[in-house]
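Observations on the model geometry
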There are 2 protein chains.
Amino acid sequence: MGYEVAPLSRLVEQFERLPGIGRKTAQRLALFVLDMPEGEAEAFAKAVLDARENIHHCRVCCNLTDGELCPVCRNPARNKSIICVVEDPRDVIAFEKTREFTAVYHVLHGCISPMDGIEPEQLKIKELLRRISDGGVDEVIMATNPTVEGEATAMYIARLIKPLGVKCTRLAYGIPVGGDLVYADEVTLKRAIDGRSEL
Amino acid sequence: MGYEVAPLSRLVEQFERLPGIGRKTAQRLALFVLDMPEGEAEAFAKAVLDARENIHHCRVCCNLTDGELCPVCRNPARNKSIICVVEDPRDVIAFEKTREFTAVYHVLHGCISPMDGIEPEQLKIKELLRRISDGGVDEVIMATNPTVEGEATAMYIARLIKPLGVKCTRLAYGIPVGGDLVYADEVTLKRAIDGRSEL
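I will try to describe carefully the structure that is included in this document.

Conventions adopted
Residues numbered from 1 in each chain as written. Chains lettered and ligands numbered in written order. Predicted model: local features only at pLDDT ≥ 70, side-chain atom pairs only at ≥ 80, totals over all residues. Heavy atoms only, no water. Phe/Tyr/Trp six-rings, centres within 6.5 Å; stacked < 30°, edge-to-face > 60°. Buried < 20%, exposed > 50% of the residue type's maximum accessible area, 1.4 Å probe, protein only. Salt bridge = Lys/Arg side-chain N within 4 Å of Asp/Glu carboxyl O. Helix = DSSP H or I, 4+ residues; strand = E, 2+ residues; numbered from the N terminus. Least-squares fit on C-alpha atoms with pLDDT ≥ 70 in both. Contact = heavy atoms within 4.5 Å.

This part covers the packing of aromatic side chains. Counted according to the given criterion, the structure contains 11 aromatic pairs over all chains. Each ring, one from A:Phe95 and one from A:Phe101, has its centre 5.7 Å from the other, and the planes form 50°; the classification is tilted. A relative accessible area of 18% places A:Phe101 in the buried class. Chaining the aromatic ring pairs together yields one cluster made of A:Phe15, A:Phe44, B:Phe15 and B:Phe44.

This part covers the pattern of salt bridges. Applying the stated criterion across every chain, the model contains 20 salt bridges over all chains. In this structure, A:Arg78 engages A:Glu96 in a salt bridge whose closest nitrogen and oxygen atoms are separated by 2.8 Å. Taken together, the residues span a long stretch of sequence, with A:Arg78 in the loop between helix H4 (71-74) and strand E3 (79-86) and A:Glu96 in helix H5 (residues 89-97) at a distance of 18 residues. For the pair A:Arg78 and A:Glu96, one class covers both residues: buried. Connected through salt bridges with shared partners, the residues A:Arg10, B:Lys46 and B:Asp50 form a single ionic network.

It is worth spelling out the relation of the copies chain B and chain A at this point. When chain B is brought onto chain A, the operation consists of a screw motion whose angular component is 180° and whose axial shift is 0.1 Å, with 0.1 Å RMSD remaining. Such values leave the two copies arranged in the relation of a two-fold axis. Of the C-alpha atoms belonging to chain B, the one lying closest to the rotation axis is found on B:Ala45, 2.2 Å away. Looking at the interface residues of chain B, 100% of them are also at the interface in chain A, so both copies use one shared face.

Structural data, given as structure tokens:
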């Protein structure tokens, strides 16, 4: 800020640390918080502290939860014999939105990326292997992101899983539903051709 | 969220209340906060509470400050005889960035906008008039936004100030420096022609 008011500058700096928030947006958010009705900014701060205190990883699938198990693992109606492996808790949210997926998840919390210093040991891979060795698992669907790192992570995990005698699959690649072919990149189109099915 | 973890949903909702933050960004920010190193999320929450507790309006110019006076009003080097009237604390930051403006400010905290239910009484106009009646003011520069509401606010305040025998001016309109004439709208161009000066 051009002129310094310490508590305000500190708040702006805190907002600026958040991903995708630049200096101007941070200023706007800080001033908005200052202008909030009595109690609301306090509720905001409390939500931050509460979430930090009460959210941790599900004992089974490593997704975020406030209980011992996450709502998916807790649900007796879910099919525990199929595990969908994703990189991020947000991926679980995306799958749950389809309202079609009835199996369970395993959240890796990242993907193998030597460039960013992320090694397999930092991901929840051994937790996945332990889950499989515990038995009752028929199939593992690799649903890491369709990026170089996501692919490499899927391949790495598949190599570890196959000796355990469990089926290992990968999400289908292709053109997005509702998309326009003109905007599809050539790699996606190639994959869509390779994966074509009979009508 | 597709699946419910109460402390996380609450945090996402809190982020979603901020201006310009949609559901997906709110999710991203909430998960980022959960992933922050020990102590940093707590520092974030503390900055919110601190700012709310310690920031209030400057007794003289109504800008935001943590003291009785804001840094500008406190500064003995500033020319107190010229007051620049702005709508928002962020406008002060913008003026201060020029490093050329040596007078003082008055922050209205909004502009007259009957459509949004904002009446003159809700702005810091009487504080401005009191400041002028206290004496020592030679000029008031109206620097409200170049919008219909900003203009109306400037005209309204100018009518109140003129009887007090104080010079009342308005920021110049024209083409922005470094801009391209092609992209200037017709109203701005018309104002730039009207306000042309001799070379």
